[in-house]
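Secondary and tertiary structure notes
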Amino acid sequence: MARTGPSEKLKAKEGKCLAAVREIAREGYDPSMNAVAYLIRGDEEVERFSYLRTYGCLCSLSVRKIKTILTRLLKNGYLRAYSPLSNPERYLMLTPNGEAEADKVLSKNIRKKDRAPAAPLFNERN
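Residues numbered from 1 in each chain as written. Predicted model: local features only at pLDDT ≥ 70, side-chain atom pairs only at ≥ 80, totals over all residues. Heavy atoms only, no water.

**A look at the packing of aromatic side chains**
Each pair of aromatic rings is reported with the distance of its centres and the angle of its planes. With the rule as written, the count across this model stands at three aromatic pairs. Between Tyr29 and Phe49, the aromatic rings sit 5.4 Å apart at their centres with planes inclined by 80 degrees, giving edge-to-face as the arrangement. In this pair, Tyr29 is assigned in the loop between α1 (12-26) and α2 (33-41) and Phe49 in the loop between α2 and α3 (63-75), connecting sequence segments 20 residues apart. Judged by its relative accessible area of 39%, Tyr29 is partly exposed. (Phe/Tyr/Trp six-rings, centres within 6.5 Å; stacked < 30°, edge-to-face > 60°. Helix = DSSP H or I, 4+ residues; strand = E, 2+ residues; numbered from the N terminus. Buried < 20%, exposed > 50% of the residue type's maximum accessible area, 1.4 Å probe, protein only.)

**Digging into α1**
In this model α1 runs 21 Å from its N-terminal to its C-terminal C-alpha over 15 residues, within 8% of the 21 Å that 1.5 Å per residue would give. Restricting attention to buried positions, one finds in α1 the residues Glu14, Gly15, Lys16, Cys17, Leu18, Ala19, Ala20, Val21, Arg22, Glu23 and Ile24. Packed against the buried residues of α1 are α2, α3, β1 (79-82), β2 (91-94) and α4 (96-106). Where α1 ends, the next residue or the one after it, Gly28, has phi of about 95 degrees, a positive value. (Expected span 1.5 Å × (residues − 1). Contact = heavy atoms within 4.5 Å.)

**Quick look at the pattern of salt bridges**
Opposite charge on two side chains permits them to pair, given that their charged atoms come into close proximity. Inspection of the entire model under this criterion finds five salt bridges. The partner of Glu99 in a salt bridge is Arg22, with the nearest N and O atoms 3.6 Å apart. With Glu99 in helix α4 and Arg22 in helix α1, this pair connects stretches of sequence that are 77 residues apart. Relative accessible area serves as the criterion here: at 34%, Glu99 is assigned to the partly exposed category. Across the pair Glu101 and Lys104 runs a salt bridge, and its minimum N-O distance is 3.4 Å. Within this pair, Glu101 and its partner Lys104 are both found in helix α4, separated by three residues, close to a single helical turn. (Salt bridge = Lys/Arg side-chain N within 4 Å of Asp/Glu carboxyl O.)

What follows is the structure, given as structure tokens:
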């Protein structure tokens, strides 16, 4: 059954996505869906933000799955999308309900999953 609004309890994944939007915004950047997805996954493109609490917290999810979660949060009123006049890309902003949920998540200890070490591309010959 689909959620109908902000009164429903959020899943942990959704709360972590909201917390990531909040952390990127606090750093003075406009968070796009890609930026949030890369941060949560712990991708190399955003490694300079590895000090943020949400960095790599959902590394097992695909970028597509994270974007699906963010779209659901937009539809349910936790996020709002906006586009600056000089840039056609859409950025995310927390609504008051989204801020309240992000604060709940950030007040807790966010457990990061351990990433499996990358497999070597080539095997060394002796």
